[in-house]
Protein chains: 6
Amino acid sequence: MARKIVYATRRERFNAAHKLWNNAWDEEKNLSTFGKCSNPNWHGHNFDLFVTIKGEPHPDTGYCMDLKALRDIVSKYVTDKVDHRNLNLDVDFMSGIMPSCENFAIAIWEQLEAPIQASGCDLHSIKLYETENNIVEYFGPVQ
Amino acid sequence: MARKIVYATRRERFNAAHKLWNNAWDEEKNLSTFGKCSNPNWHGHNFDLFVTIKGEPHPDTGYCMDLKALRDIVSKYVTDKVDHRNLNLDVDFMSGIMPSCENFAIAIWEQLEAPIQASGCDLHSIKLYETENNIVEYFGPVQ
Amino acid sequence: MARKIVYATRRERFNAAHKLWNNAWDEEKNLSTFGKCSNPNWHGHNFDLFVTIKGEPHPDTGYCMDLKALRDIVSKYVTDKVDHRNLNLDVDFMSGIMPSCENFAIAIWEQLEAPIQASGCDLHSIKLYETENNIVEYFGPVQ
Amino acid sequence: MARKIVYATRRERFNAAHKLWNNAWDEEKNLSTFGKCSNPNWHGHNFDLFVTIKGEPHPDTGYCMDLKALRDIVSKYVTDKVDHRNLNLDVDFMSGIMPSCENFAIAIWEQLEAPIQASGCDLHSIKLYETENNIVEYFGPVQ
Amino acid sequence: MARKIVYATRRERFNAAHKLWNNAWDEEKNLSTFGKCSNPNWHGHNFDLFVTIKGEPHPDTGYCMDLKALRDIVSKYVTDKVDHRNLNLDVDFMSGIMPSCENFAIAIWEQLEAPIQASGCDLHSIKLYETENNIVEYFGPVQ
Amino acid sequence: MARKIVYATRRERFNAAHKLWNNAWDEEKNLSTFGKCSNPNWHGHNFDLFVTIKGEPHPDTGYCMDLKALRDIVSKYVTDKVDHRNLNLDVDFMSGIMPSCENFAIAIWEQLEAPIQASGCDLHSIKLYETENNIVEYFGPVQ
């Protein structure tokens, strides 16, 4: 029988500092590779994070997942750890990871996949706006 | 031979009242489940609806489907029925359905699939913004 | 000596139901005046509220007023009372007032003026988006 | 082993004139088909173009592709050719093509696919907003 | 006695072609002054127009002015004349006027002032977005 | 004779790091006053800056001021100095100034007033979005 799978998305926002800097490289190579994104004293962004889960609406509630519960999971595992923080220095789950928007989206996926699954839903995608012009999206690992 | 399938989207907007309330439950269970969304005297939203169809552009017009024709179908089968209405009380195609955003998107799909098909196109997805933070998307039933 | 007055704005959002209905009129006159805004079973909106205060930045903090404190005042006197509510039925400070966007903005001003003044700042304006197309702004009473 | 494919998007904007007009038809048929979009003296739009590439983040940079490099490719092959131009008259890669939004998105894909591939990445999609209400997306030819 | 003046705004949108070109100048001077805005074959924009009126809410309706009536005035005197048109060639009230955004806003004011006054309200301002980055506002002539 | 004064606005964007920290206070007082805005390792924002000038459109061009010239002034005196920088450490014109949004708007005014005046126009206002919820505006010193 056909299943009615709905994709539900919660947007959260946070403001963080970071820089792109490869410690294996000297300053010149960092600057020529990353340009102003490697400013030694950091820069920052208002990040817009869209977390999408998928599932069938429950007959009692019409919810795939209560988006307030999703918001609480995103707060606990991501937003509370990164909001008004430095992604290079302050965030446990970014330790040792170059904080490009791409790597950051992957790391957010890895933070959220298990707790969302534990709540009975499936994580579908992480979409992250670094600016209105630069956006990344990640759907989990593929074979 | 390869086909050039384009996905074309029309946005429509409407303003409606609703509440989340399960008649099989008492007030306490409704409140503990749905929180302020179960306010007995209703609340409401500006809904943003994105209807996406897919097809090959016609050689004469460059259109998959005239988006003015799509707008007219969406108006007739959805917007005219829900704009400035109460989703629980006033809308024939929501009768007996918990008006969560998820169920509402499914019901909109079921309203639009046949008339869009009758116009020679395929409905691809229904995306519905309840707020800037809460969004659902539905791509039709899957096996 | 010249003073450096800055205008600082906090945006808050809420979702409410309402209808435009004049009890002194019969249904026909209500419908002909207010159109679909008078739907008996209500409709609703995502309201965007911009509250602007003015003052000189404090030398210790650089703040005219801590916008978190402003947010708390707006929550206590407005948002907590109107979010997920019915403006005609559920809101003490709208009792007996036709809930047009214009009257609503005036009423919000009257709710906020005293507590903002008590915090040492001046309220400058209330701007209220009912939809992306319909917006009102109020600057307080004038002689 | 599982691969971590990220989709990265660059938004670019441009302003162009066009009209929808089929030279094989007389004026009456053009007007009845395209309505005001066939105004003989043109009309125009602010187009928002979202170009999405996909790939695995490079271990040295965390980038799938430097989005500044993507911006430069989009500028060279698309934006510089269409910004403040007439799509019917001034644009080499639209010559002989009805400038519907659908055909325009396909033509942009065909402009960008090779240079993006030459830079070592894969083009995933072209998304084009003609207005806030009319949007098309193209993912390349399918079998 | 203090009066409660509210400012009410209606947003309308339209898409038009134009170019900046001074007939008293040769092509070289036009190009050096206006750059790509002087492209001989035109370019175009999605214009966002915000028309603001002011007045006291009427005790019967809570309206300064029915925004549907304002929308109809704006349609009749502005939008219907400029939407999907060429500002240099097709618009009676722009005849002989350099269609810069500044002059266009003034001309829109002059179109709307009398009919809005005839409806018993005062026009307060015309705000016009040519792009998300270029915006003009006009409040009428000053002494 | 009446003058037709138009207000023209240019939006520019930049991304910067900062923290709110008063060196005259200990860490506890900084934290209790500024909360997470005082995170020692910084945080950051995408700032949206709207610079508004006023003047009469020139009869030859229809411009109050060429907005490309305004953009160049804003770039030279503000954006180039703050984009991808640390407002506390890297910006000459913010040296010794608590980088609250209020003080930052005042400092930007003071950077721009003279060069805009030198170009023959008057600066009217600086509007600065720190987030979509927190906004300040400054109109220059008043008596």
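**Points about the overall build of chain A**
A tally of regular secondary structure across chain A gives three helices and five strands. If you list the helices and strands of chain A from N to C, you get β-α-β-α-β-α-β-β. Referenced to the eigenvectors of the C-alpha coordinate spread, the extents of chain A come out at roughly 60 × 30 × 25 Å. Taking all 143 residues of chain A together, 61% fall into the buried category.

**Some remarks on the environment of L112 of chain B**
Residue and element names in this part refer to chain B. You can see L112 is positioned in helix α3 (residues 101-118). Of the residues examined, L112 reaches a relative accessible area of 0% and is grouped as buried. Distance in space between the C-alpha atoms of L112 and S32 is 34 Å, their sequence separation being 80 residues. Apart from the residues lying within four places of it in its own chain, the contact partners of L112 are V51, I73, V74, Y77, V78, L123 and I126.

**Focus on the interface of chain A and chain F**
How big an interface is tends to be stated in terms of accessible area lost as the parts join. Across the boundary between the two partners, chain A contributes 24 residues, which contact 24 residues of chain F. Carbon and sulfur atoms supply 41% of the area that chain A and chain F bury against each other, a total of about 2,000 Å² over both sides. Of all residues in chain A, N41, N46 and H84 of chain A give up the largest surface area on contact with chain F, accounting jointly for 29% of the area buried on that side. For the pair chain A and chain F, the interface holds six salt bridges. Across the salt bridge formed by E132 of chain A and R13 of chain F, the nearest N and O atoms sit 3.3 Å from each other. Put simply, chain A and chain F have 21 residue pairs in polar contact (both at pLDDT 80 or more) between them. Put simply, the parts of the chain that give the side of chain A that touches chain F at least two residues each are β1 (6-18), β2 (43-55) and β3 (85-86) of chain A. The leading source of residues in the side of chain A that touches chain F is β1 of chain A, at five residues. Residues of the side of chain A that touches chain F, tallied by class, amount to five nonpolar, eleven polar and eight charged.

**Topic: the relation of the copies chain C and chain B**
Look at the two chain copies: a rotation about an axis and a shift along it is all it takes to match them. When chain C is brought onto chain B, the operation consists of a screw motion whose angular component is 180° and whose axial shift is 0.0 Å, with 0.0 Å RMSD remaining. Such values leave the two copies arranged in the relation of a two-fold axis. Both copies contact each other with a shared surface, as 100% of the interface residues of chain C are interface residues in chain B too.

**Observations concerning helix α1 (residues 27-34) of chain A**
The complete set of buried residues in α1 of chain A reads N30, T33 and F34 of chain A. The buried side chains of α1 of chain A occupy one side of the element, clustering within an arc of 75° when seen end-on. Every exposed residue of α1 of chain A that faces more than 90 degrees away from the buried side is listed here: E28 and S32 of chain A. The secondary structure elements touched by the buried residues of α1 of chain A are α2 (67-82) of chain D.

**Section: the interface of chain C and chain B**
Counting residues at the interface gives 24 residues for chain C, matched by 24 residues for chain B. For the pair chain C and chain B, the summed buried surface comes to about 2,000 Å²; carbon and sulfur atoms form 41% of the total. The largest contributions to the chain C side of the interface with chain B come from N41, N46 and H84 of chain C, which together make up 29% of the buried area. In this assembly, chain C and chain B are joined by six salt bridges. Between the two partners, chain C and chain B, sit 21 residue pairs in polar contact (both at pLDDT 80 or more). Counting residues per element, the ones that place at least two in the side of chain C that touches chain B are β1 (6-18), β2 (43-55) and β3 (85-86) of chain C.

**Details of the relation of the copies chain A and chain F**
Laying chain A over chain F is done by rotating through 180° and shifting 0.0 Å along the axis; what remains is an RMSD of 0.0 Å. In this assembly, 100% of the residues forming the interface of chain A have copies in chain F that are likewise at the interface, indicating an isologous arrangement.

**Observations concerning helix α2 (residues 67-82) of chain B**
Along α2 of chain B, the helix axis deviates most sharply at S75 of chain B, where the bend reaches about 55°. Taken together, the buried positions of α2 of chain B are L67, L70, I73, V74, S75, V78, T79 and V82 of chain B. Next to the buried residues of α2 of chain B lie β1 (6-18), β2 (43-55), β3 (85-86) and α3 of chain B together with β5 (134-138) of chain D. Two or three places before K68 of chain B, at the opening of α2 of chain B, D66 of chain B has a side-chain oxygen 2.9 Å from that residue's backbone nitrogen.

**Things to note about unusual backbone geometry**
Notably, H84 of chain C is not glycine yet its phi reads approximately 55°, a positive angle. With respect to the helices and strands, H84 of chain C occurs in the loop between α2 (67-82) and β3. Of note, W42 of chain F is a non-glycine position whose phi angle comes to about 75°, a positive value. Along the chain, the position of W42 of chain F falls in the loop between α1 (27-34) and β2 (43-55).

**What to know about the packing of helix α2 (residues 67-82) of chain E against helix α3 (residues 101-118) of chain E**
Residue and element names in this part refer to chain E. For the pair α2 and α3, the least separation of the axes is 10 Å and the interaxial angle reads 140°. The orientation of α2 relative to α3 falls into the category oblique. Relative to α3, the crossing made by α2 is right-handed. Contacts between α2 and α3 involve L70, I73, V74, Y77, V78, K81 and V82 from the former and F104, I108, Q111, L112, P115 and I116 from the latter. Grouping the constituent residues of the contact of α2 with α3 by class yields eleven nonpolar, one polar and one charged.

**Here we look at the pairing of β1 of chain C**
For β1 of chain C, a buried count of twelve out of 13 residues is recorded, marking the element as mostly surrounded by other parts of the structure. One ladder, built from 13 bridges, connects β1 of chain C with β2 of chain C; its direction is antiparallel. Directly across from Y7 of chain C, in β2 of chain C, lies its bridge partner K54 of chain C. Here β1 of chain C runs beside strand β5 (residues 134-138) of chain F; their pairing, made up of five bridges, is antiparallel. Across the sheet, A8 of chain C pairs through a bridge with V136 of chain F, a residue of β5 of chain F.

**Some remarks on the confidence of the model for chain A**
For chain A, the average pLDDT comes to 97, and 100% of its residues sit at 70 or higher. On the interface metric, ipTM, the complex scores 0.96, and its pTM is 0.97.

**What to know about the side chain of T9 of chain A**
Relative to the helices and strands, T9 of chain A is located in strand β1. A polar side-chain atom of T9 of chain A sits 2.7 Å from a polar atom in the side chain of T52 of chain A. With residues near it in sequence (within four places) discarded, T9 of chain A still touches F50, V51, T52 and L67 of chain A together with N133, N134 and I135 of chain B.

**A look at the packing of aromatic side chains**
Think of a pair of aromatic rings as described by two things: how far the centres are apart, and how the planes are tilted against each other in angle. Taken as a whole and assessed by the stated rule, the structure comprises 48 aromatic pairs over all chains. A ring pair is formed by F14 of chain D and F47 of chain D, whose centres lie 5.2 Å apart and whose planes are at 20°; its orientation type is stacked. Separated by 33 residues along the polypeptide, F14 of chain D in strand β1 (residues 6-18) and F47 of chain D in strand β2 (residues 43-55) bring together distant segments of the chain. The same class applies to F14 of chain D as to F47 of chain D, namely buried. K19 of chain A extends its terminal NZ or CZ atom over the ring of W42 of chain A, reaching a point 4.4 Å from the ring centre. Taking NZ or CZ as reference, K19 of chain D lies 5.2 Å from the ring centre of W21 of chain D, over its face.

Criteria and cut-off values
- Residues numbered from 1 in each chain as written.
- Chains lettered and ligands numbered in written order.
- Predicted model: local features only at pLDDT ≥ 70, side-chain atom pairs only at ≥ 80, totals over all residues.
- Heavy atoms only, no water.
- Helix = DSSP H or I, 4+ residues; strand = E, 2+ residues; numbered from the N terminus.
- Buried < 20%, exposed > 50% of the residue type's maximum accessible area, 1.4 Å probe, protein only.
- Contact = heavy atoms within 4.5 Å.
- Buried area = accessible area lost by both parts, 1.4 Å probe.
- Salt bridge = Lys/Arg side-chain N within 4 Å of Asp/Glu carboxyl O.
- Polar contact = N/O pair within 3.5 Å; in protein donor to acceptor, adjacent residues only side chain to side chain.
- Nonpolar A, V, L, I, M, F, W, Y, C, P; charged D, E, K, R; others polar.
- Least-squares fit on C-alpha atoms with pLDDT ≥ 70 in both.
- Arc of directions from axis to C-beta.
- Bend = angle between axes of the 7 residues up to and from the residue.
- Axes fitted to C-alpha atoms, helices over the stretch in contact; angles between N-to-C directions.
- Parallel < 35°, antiparallel > 145°, perpendicular 65-115°, else oblique.
- Left-handed = near helix turned anticlockwise from the far one by under 90°.
- Pairing = 2+ DSSP bridges.
- pLDDT = per-residue confidence, 0-100.
- Phe/Tyr/Trp six-rings, centres within 6.5 Å; stacked < 30°, edge-to-face > 60°.
- Lys NZ or Arg CZ within 6 Å of the ring centre and 35° of its normal.

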